[in-house]
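# Fold and geometry: a report
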Amino acid sequence: MTAPVLSLSGVRYAWPGRTAFSIEVEALSVAHGETVLLLGESGSGKSTLLSLICGTVLADQGVVAVDGQDLSQLSSSARDRFRAEWIGVIFQQFNLLPFGTVQDNIALPLRFAPTRRDRVLDVAGEAARLCSALGLPGGILTEKAARLSVGQQQRVAVARALIGEPSLIVADEPTSALDAGSQTAFLDLMFQQITACRASLLMVSHDPALGQYFDRVVRMEDVARVERRMT
Amino acid sequence: MIARLAIASLFARALTVGMTILAIALSVALYLGVEKIRTGAKASFADTISGTDLIVGARSGSVQLLLYSVFRIGNATNNVTWESYQDIAARPEVEWIVPISLGDSHRQFRVMGTTPAFFEHYRYRRGQNLLVEDGALIADLFDAVIGADVAETLGYAVGDPIVVAHGIASFTEHDDLPFRVAGVLEKTGTPVDRTVIVSIEAIEAIHVDWRRGARIPGQSTPEAVLRDMDLTPQAITAALVGVQSPLQTFALQRAINEYREEPLLAILPGVALQELWGIVGIAETALVAISAMVVLTALIGMMATLFSSLNERRREMAILRAVGAGPGTILGLLVTEAMLMAASGAVLGMAIVYAVLGVARAQIDSAFGLWLPIDPPTLQELWVVLAVLGAGGIVSLLPAIRAYRMSVADGMMVRS
């Protein structure tokens, strides 16, 4: 059995300098090719958890490992590079640089990740393939991102997360800006492509109804303890 | 691709970015324009007199002598007697000598008495001769030759009468003895354009009936009598001297300065000009400093724009962080943007200067007698552009560092 794509153990983190907010995660792991839904209300520490996983903040204690790599062993610039190479991120909305074309936006992570760039033989071709696989109209690559509908923007964000086949996709409520009808279509397409890329998915949401799409559903309160002291 | 995104991002904020670039461009244009006018004015001043080795006048200051004899600014405190003039003229070093007699005026223009040799020896703009545009040089005692500005301002043509006033800005006129415009000179861009030139004898003639600056009551010598009189002047204001060989200039200067009969002063026009620059230098420096301040103000304006854009661009920075850009990349992006703006501003500013020069050069020349050459950018101007670029980069560091801090604190999550 290979090491899990993501594993957290004994992690403690407190935001520096501000109203005391700390999070503790005893154990959380995502296996290769596994899709996990992390359910939690807003304020349950989801954002902090995602920041820890992506290495933009560093745990005070414990180990956050992505693809077997302990992030605390890396310098901050190496963590940035590591994130670019191995993690695809999808936000709730506003995923794209509005002034760039769709192709610019999709190719953006490759600029910071040489190894990932080498895995893509033909960037324009791969971007076009992902777009059409995600049900985006042909010729969208040269459009300015600002001209796209929210639904289109979210699909482009999926294409950007998937290009170069990173091992872990992290998604933060990617469907919350979509209406119920397009949510289903979006998730179907996203899951198809994530499976095709053999990537793992960790998605956070407050909506338990999404659970049916995932291999596993984890409740935030079961894995993490959040402490908030008013000062 | 980062540079391309920076440019795309600038285009997306075209209005604010355009305004910032325009402010920088105008400030750079102002700075370069001041520089152009400064060097142009210097060159123009230096071009006013050439070919004259020494200027001789009564002892005063060299700058003062230069100003009143060549630029018609200020007045002589004393005169040079005709005897002294002749003594100098008789020296072996002297190749030619032209007397100048100032002190009268016509309207706002100075009247200068001199000899025909003036038209032969006076040179401007690297050795150009005075040329008559219309009419002829002085032939009769009461002939006057006027400069181009005099003709244009007062609407005079050849044959018109001119009444010379005694002194400058005075209401007493030599109205009994009018002059006739014999010729109009071509435009030179020198004070000659604003001068009425008459013969030195004529200056003597109109003062025959005057003593100590006032008309002798009841005395009026008829013109016919004047024409028969000996009108050799008693004194002149100054003299322009050309020497046989440049090597003798200093010897002659010393000889004149040590002349025993009368305190005289001989100056080298170039040296006196340098002294003048020394005096004007303070104002010049102030002007340059002010326009440099304007450039700085524009750059600080850019800094303010960058600062205010940071908040609305938090999302953009979070996206870049999410795809793996380090905070350093974000700092670099802001500095790159600022330097692109500064560079566009500087280049646009330079273009504005050239455009204005191209359009307004003729008007500037005719209005101020200032001929500004259109040359390719000098090394100094390129340095200015580089300095603006560098200063733009430095100024942008503050907002860039703030962006760096924000992106470290925010990571990929934008907290508001």
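Note that the structure is a prediction, hence the values are computed from the model and not measured.

A word on the overall build of chain A. A tally of regular secondary structure across chain A gives eight helices and ten strands. Each of the three principal axes of chain A carries a C-alpha extent, and together these read 50 × 40 × 40 Å. The buried share of chain A, taken over its 231 residues, is 55%. Taking contacts inside chain A between residues at least 6 apart in sequence as the whole, the part at least 24 apart equals 76%.

All right, on to the sheet that holds strand β6 (residues 87-90) of chain A then. Adjacent strands of a sheet pair through backbone hydrogen bonds, lying either parallel or antiparallel. Residue and element names in this part refer to chain A. The strand order across the open sheet formed by five strands is β6-β7-β8-β3-β9, and the pairing between neighbours is parallel. The sheet is open, and its two borders are formed by β6 and β9 (216-219), each paired with just one other strand. Taken over all neighbouring pairs, the strand axes of this sheet differ in orientation by 20° on average, direction set aside. As paired strands, strand β3 (residues 35-39) and strand β8 (residues 200-205) are joined by five bridges and run parallel to one another.

What follows deals with the UniProt feature "transmembrane region" (unreviewed entry) in chain B. Residues and elements named next belong to chain B. Those residues carrying the UniProt feature "transmembrane region" (unreviewed entry) are residues 6-32, 289-310, 331-362 and 382-404 in this numbering. Taken as a whole, residues 289-310 contains 100% helix and 0% strand, while its terminal C-alpha atoms sit 31 Å from one another. In this annotation, residues 382-404 is assigned 100% helix and 0% strand; the end-to-end C-alpha distance for the span is 32 Å.

With that out of the way, let us pick up the confidence of the model for chain B. Chain-level pLDDT for chain B is 87 on average; 97% of the residues reach the 70-or-more range. Interface confidence for the predicted complex, given as ipTM, is 0.89, next to a pTM of 0.74.

All names here are of chain B. Over its 32 residues, helix α13 (residues 379-410) extends 45 Å from the first C-alpha to the last, a length consistent with the 46 Å expected when each residue adds 1.5 Å. Where α13 bends most, at Leu397, the angle is about 40°, and the proline Pro399 comes one to four residues later. Backbone geometry just after α13 places Gly411 at a positive phi near 60°.

The next point concerns a nonpolar patch on the surface. All names here are of chain B. A cluster of nonpolar residues, Leu15, Met19, Leu22, Leu26 and Leu348, forms a patch on the protein surface that exposes about 490 Å² of accessible area. When residues of the nonpolar patch are assigned to their parent elements, the largest contribution, four residues, is made by helix α2 (residues 14-48). In this structure, Leu26 sits in helix α2.

To continue, consider the environment of B:Glu284. Assignment of secondary structure puts B:Glu284 in helix α10 (residues 269-312). Those residues in contact with B:Glu284, other than ones at most four positions away along the chain, are B:Arg38, B:Lys42 and B:Trp277.

A word on the domain arrangement of chain B. All names here are of chain B. As assigned here, chain B comprises domain 1 (2-45 + 281-412) and domain 2 (54-267). Once you take the C-alpha centre of each, domain 1 and domain 2 turn out to be 51 Å apart. With six residues of domain 1 at the contact, the number on the domain 2 side is four residues. Between domain 1 and domain 2, the buried area comes to about 460 Å², and carbon and sulfur atoms account for 54% of it. For the pair domain 1 and domain 2, the interface holds zero salt bridges. Of all the secondary structure elements, the ones that give two or more residues to the side of domain 1 that touches domain 2 are α2 and α12 (327-368). A per-class count over the side of domain 1 that touches domain 2 returns two nonpolar, three polar and one charged.

Definitions and limits used
Residues numbered from 1 in each chain as written. Chains lettered and ligands numbered in written order. Predicted model: local features only at pLDDT ≥ 70, side-chain atom pairs only at ≥ 80, totals over all residues. Heavy atoms only, no water. Helix = DSSP H or I, 4+ residues; strand = E, 2+ residues; numbered from the N terminus. Buried < 20%, exposed > 50% of the residue type's maximum accessible area, 1.4 Å probe, protein only. Contact = heavy atoms within 4.5 Å. Pairing = 2+ DSSP bridges. Axes fitted to C-alpha atoms, helices over the stretch in contact; angles between N-to-C directions. UniProt positions renumbered as here; feature names shortened; annotations may be inferred. pLDDT = per-residue confidence, 0-100. Expected span 1.5 Å × (residues − 1). Bend = angle between axes of the 7 residues up to and from the residue. Patch = residues over 30% accessible without salt bridge, like charges linked within 9 Å, V, L, I, M, F, W, Y side chains within 5 Å. Areas by Shrake-Rupley, 256 points an atom, 1.4 Å probe, with all protein chains shown as cover. Salt bridge = Lys/Arg side-chain N within 4 Å of Asp/Glu carboxyl O. Domains from an automatic or database assignment. Buried area = accessible area lost by both parts, 1.4 Å probe. Nonpolar A, V, L, I, M, F, W, Y, C, P; charged D, E, K, R; others polar.

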